[in-house]
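So you can see what is in the structure, the chains are spelled out below.
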Amino acid sequence: MSVSETTHLLQRALESECLFNGDWIPASGSVSPVIEPATGEPLLRCAMASPADVALASRSAALAQPAWAALGPRERAEVFRKAADVAEQSFAELALYVARETGGALFKGEHEVREAIVLLHQAAGLLSQPHGVVLPSAAGRLSYARRQPHGVVGVISPFNFPLILSLRSVAPALAAGNAVVLKPDPQTPVSGGFLIARLFEEAGLPKGLLHVLPGDAAAGEALCRDPNVRMIAFTGSTAAGRKVAEVAGRHLKKVALELGGKNPLIILEDANLDLAASNAAWGAWLHQGQICMATGLILVHESIAASLTRKLVEKARALTVGNAARGEAALGPLINQRQLQRVHEIVSDSLQAGARLEAGGEYDRLFYQPTVLSGVRPGMRAFEDEVFGPVATVVSFATDEEAIELANRTEYGLSAAIISPSVGRAMAIGERLDCGLLHINDQTVADECINPFGGRGASGNGGSVGGPADWDEYTQWQWVTVKNTPPTYPF
């Protein structure tokens with residue numbers, strides 16, 4: 001199926017060369033091609049928002065937001081249910097497009113659309129939950145706290161899982177009564193933005209509440225500075241997140257950051273080797289390793305390290321690399337040449353520092369072979385850096401204490417996992433790991449969209465999104481007291 005054959009839900013977004021504010025409007029900035037990573041061919045020409053576009057959208061969103069917040073919860077919830085229905089009806093079209101734009105396998109595109117449907121239903125369900133609490137107080141006074149929307153929420157989303165990572169902020173923010181200005185990554189403007197616009201447009205979301213503005217760093221900075229935007233939800237690299245937090249913090253905005261990770265998978269000596277190798281391979285190579293939760297360190301007990309490494313090498317050599325969106329391979333391309341070069345430099349620098357190349361380490365165009373490095377030690381880039389590529393980094397340890405020390409020897413703190421049939425021992429180790437997500441007898445890439453998701457340290461600023469955490473992120477408390485008559489005070 002070519003882009004020209006996509007004649008249903010997405011066609012308007014693919015052909016318009018416009019931004020979205022409830023209507024499709026020309027941008028004041030430039031128009032840039034969006035390239036399919038697997039083929040190098042353009043998918044569409046996309047309008048890029050300028051800071052002036054951001055300012056206009058933020059003012060418009062601030063004007064539209066009060067009426068939306070005043071709308072009854074059932075009426076708001078119905079919009080999300082309709083959007084979910086539209087996504088289900090267009091499932092195949094959306095899944096293939098997401099796979100193509102992100103360079104992912106078709107099952108990855110299908111996963112994103114399935115999770116998007118869950119997120120939309122989750123947002124509808126948010127509106128049937130209690131919106132506050134009654135507090136104890138003196139006799140004759142009603143005291144309660146209620147959740148109030150921030151107003152306008154700015155969402156800045158990345159290229160790797162753009163549909164999920166945009167919608168997991170957009171949907172609950174809207175459900176809580178906010179308006180949203182969304183800036184998707186310009187490499188994935190449809191998957192991360194215009195697809196969502198079309199879902200809500202078809203579902204009847206009132207105009208002015210959702211704005212989609214792909215753009216560069218200048219547009220993102222304008223969003224962080226704009227006085228109409230009261231919160232920024234950012235997902236992306238730690239380096240970019242620090243800049244977002246600095247700019248938004250100077251303007252006293254709430255900031256929710258979901259950043260990178262160097263996620264350890266600890267494999268104890270009593271683990272089933274076949275199961276452990278399968279988990280390690282999936283965590284390290286899924287979507288070419290371009291996942292914040294990717295297994296960045298495979299920490300293996302020294303007694304089984306050589307055997308596990310051999311099994312990983314077998315898997316690496318069996319995996320095919322190519323146009324995964326078309327079903328031609330298991331792994332697809334990296335997103336761009338800059339990212340590929342960075343991955344290769346990390347591998348090359350680590351080999352020069354003494355690591356051993358067991359498999360891979362080669363590439364053709366944007367297709368990087370699944371790679372296995374052994375003999376990795378602290379200080380090597382493969383140990384220290386988030387690779388964001390298909391590189392399995394094997395590190396051996398002798399004791400549980402050493403495994404814990406190696407796992408925590410990082411500035412990141414997103415996901416961690418432990419594999420062992422000794423569940424109590426694994427849980428005791430897990431309690432000492434610095435991470436926001438912990439999985440016993442699984443790998444590190446796990447997110448069900450209804451769980452609180454967030455990291456610590458360089459992986460985030462302590463907040464979480466998803467499930468019960470959404471009310472905390474996308475609203476603020478207002479305390480209210482009510483008396484029949486004013487009291488008399490001494491003054």
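All residue numbers here refer to positions counted from 1 along the written sequence of the relevant chain. It should be noted that, the model being predicted, local features are given only for residues of pLDDT at least 70 and side-chain atom pairs only at 80 or more, the latter also being counted only at that level, while totals for whole chains, interfaces and linings use all residues. Processing note: side-chain calculations cover all non-hydrogen atoms of the structure and skip hydrogens and water entirely.

**Thoughts on the overall build of the chain**
Part 1 of the argument: Secondary structure counts use DSSP, requiring at least four H or I residues in a row for a helix and at least two E residues in a row for a strand, with both numbered from the N terminus. For the chain, the helix and strand inventory stands at 16 helices and 21 strands.
Part 2 of the argument: The globule rule puts the C-alpha radius of gyration for 491 residues at 23 Å, and the 24 Å found for the chain is close to it.
Part 3 of the argument: Reported as C-alpha extents along the three principal axes, the dimensions of the chain are approximately 75 × 60 × 40 Å.
Part 4 of the argument: Partly exposed residues are those whose accessible area sits between 20% and 50% of the maximum for their type, while under 20% is buried and over 50% is exposed, using a 1.4 Å probe and protein chains only. Within the span of the chain, comprising 491 residues, buried residues form 56% of the whole.
Part 5 of the argument: For the chain, restricting intrachain contacts to residue pairs at least 6 apart in sequence, the fraction spanning at least 24 positions comes to 72%. This radius of gyration counts C-alpha atoms alone. The globule rule is 2.2 Å times how many residues there are, raised to the power 0.38. Contacts are residue-level and defined by heavy atoms, with any inter-residue pair within 4.5 Å sufficient.

**Details of the UniProt feature "active site" (unreviewed entry) in the chain**
Part 1 of the argument: Following the UniProt record, one finds the feature "active site" (unreviewed entry) at Glu 258.
Part 2 of the argument: Within the element layout of this structure, Glu 258 appears in strand β11 (residues 254-258).
Part 3 of the argument: Classification of Glu 258 by relative accessible area gives buried; the value is 5%.
Part 4 of the argument: The residues contacting Glu 258, other than those within four sequence positions of it, are Arg 168, Phe 234, Thr 235, Gly 236, Cys 292, Leu 414, Phe 453 and Ser 459.
Part 5 of the argument: Nitrogen and oxygen atoms within 3.5 Å of one another constitute a polar contact, given that in protein one can donate a hydrogen and the other can accept it, and given that sequence-neighbouring residues count only through two side-chain atoms. Here the side chain of Glu 258 touches Arg 168 through a polar contact of 3.1 Å, side chain to side chain. UniProt positions are given in the numbering used here, feature names are shortened, and annotations may be inferred rather than shown by experiment.

**A word on the sheet that holds strand β6 (residues 141-149)**
Part 1 of the argument: Being paired, for any two strands, means DSSP has found at least two bridges between them. In space, the three strands of this open sheet follow the order β5-β6-β21, with antiparallel pairing throughout. Here the strands that pair on one side only, and so sit at the sheet edges, are β5 (132-135) and β21 (475-483). Taking the axes of each pair of neighbouring strands and ignoring which way they run, one obtains an average angle of 20° across the sheet.
Part 2 of the argument: Note: β6 against β21, nine bridges, orientation antiparallel. Among the inter-strand pairings, Gln 148 is bridged to a residue of β21, identified as Gln 476. In this description, a line fitted to the C-alpha atoms serves as the axis of each element, helices being fitted only across the stretch in contact, and the angle between N-to-C directions of two axes falls anywhere from 0 to 180 degrees.

**Remarks on helix α12 (residues 337-352)**
Part 1 of the argument: Compared with the 22 Å implied by 1.5 Å per residue over 16 residues, the 22 Å span of α12 between its first and last C-alpha is a close match.
Part 2 of the argument: Turning to α12, its buried residues number three or more, namely Gln 339, Leu 340, Val 343, His 344, Ile 346, Val 347 and Ser 350. Seen along its axis, α12 keeps its buried residues to an arc of 150°; they face one direction. Looking at α12, the residues exposed on the side facing more than 90 degrees away from the buried face are Arg 338 and Gln 352.
Part 3 of the argument: Looking at the buried residues of α12, the elements they touch are β15 (363-364), β16 (367-368), β17 (371-374), α13 (381-384) and β18 (391-397).
Part 4 of the argument: A side-chain oxygen of the first residue of α12 lies 3.2 Å from the backbone nitrogen of Arg 338; this N-cap is Asn 336.
Part 5 of the argument: After α12 finishes, the residue Gly 354 shows a positive phi value of roughly 120°. The span you would expect from a helix comes to 1.5 Å times its residue count less one. Arc, as used here, means the arc of the directions from the helix axis to the C-beta atoms.

**Details of helix α5 (residues 106-126)**
Structural remark: α-helix, 3.6 residues per turn; residues separated by three or four positions point the same way.
Part 1 of the argument: Along its 21 residues, α5 runs 30 Å from first to last C-alpha, staying within 8% of the 30 Å computed at 1.5 Å per residue.
Part 2 of the argument: Within α5, the full set of buried residues consists of Lys 108, Gly 109, Glu 112, Val 113, Glu 115, Ala 116, Ile 117, Leu 119, Leu 120, Ala 123, Ala 124 and Leu 126.
Part 3 of the argument: Those residues of α5 that are buried are in contact with α3 (73-89), α4 (91-102), α6 (162-175), α7 (190-203) and α16 (470-474).

**Brief notes about the environment of Gly 379**
Part 1 of the argument: Within the secondary structure, Gly 379 sits in the loop between β17 and α13.
Part 2 of the argument: Taking the C-alpha atoms as reference points, Gly 379 and Ala 353, 26 residues apart in sequence, are found 8.8 Å from one another.

**What about a nonpolar patch on the surface?**
Part 1 of the argument: Taken together, the side chains of Val 133, Leu 135, Trp 477 and Trp 479 define a hydrophobic patch exposed on the protein surface, amounting to about 420 Å² of accessible area.
Part 2 of the argument: When contributions to the nonpolar patch are tallied by element, the ones reaching two or more residues are β5 and β21.
Part 3 of the argument: Relative to the helices and strands, Trp 479 is located in strand β21.
Part 4 of the argument: When its relative accessible area of 56% is taken as the criterion, Trp 479 is described as exposed. Exposure above 30% relative accessible area and the absence of a salt bridge qualify a residue for a patch, where like charges join within 9 Å and nonpolar side chains (Val, Leu, Ile, Met, Phe, Trp, Tyr) within 5 Å. Each accessible area is a Shrake-Rupley estimate made with a 1.4 Å probe; only the visible protein chains count as cover when residues are assessed. Any carboxyl oxygen of Asp or Glu that lies within 4 Å of a side-chain nitrogen of Lys or Arg is treated as forming a salt bridge with it.

**Things to note about the environment of Gly 457**
Part 1 of the argument: Structurally, the position occupied by Gly 457 is in the loop between β20 (437-440) and α16.
Part 2 of the argument: Residue Gly 457 is classed as exposed on the basis of its relative accessible area, which comes to 55%.
Part 3 of the argument: In this structure, the C-alpha to C-alpha distance between Gly 457 and Trp 479, residues 22 residues apart in sequence, is 31 Å.

**Some words on the sheet that holds strand β12 (residues 263-267)**
Part 1 of the argument: If you trace the seven strands from one edge of the open sheet to the other, you get β14-β17-β18-β13-β12-β19-β20, paired in mixed fashion. Each end of this open sheet is capped by a strand with a single partner; those strands are β14 (356-359) and β20. For this sheet the average axis-to-axis angle between neighbouring strands, irrespective of direction, equals 20°.
Part 2 of the argument: Across four bridges, the pairing between strand β19 (residues 415-419) and β20 is parallel. Paired with Ala 417 across the strands is His 439, a residue of β20.
Part 3 of the argument: Contacting β12, β13 (295-301) and β18, helix α14 (residues 400-407) crosses the sheet at an angle of about 140° to β18.

**Focus: the nonpolar core**
Part 1 of the argument: In this structure, Phe 80, Leu 167, Val 170, Leu 174, Leu 199, Phe 200 and Ile 232 are the most contacted members of the largest nonpolar core, which totals 101 residues.
Part 2 of the argument: Tallying contributions element by element places α6 first for this core, with nine residues.
Part 3 of the argument: Excluding anything up to four places from it in sequence, Phe 80 contacts Trp 68, Leu 120, Ala 123, Ala 124, Leu 127, Ala 171, Leu 174, Ala 175 and Phe 200.
Part 4 of the argument: Remark: nonpolar core denotes a set of buried residues (Ala, Val, Leu, Ile, Met, Phe, Trp, Tyr, Cys) joined through side-chain atoms within 4.5 Å. If you look at the next biggest cluster of nonpolar residues, it comprises 30 residues, including Ile 266, Ala 355, Phe 383 and Leu 406.

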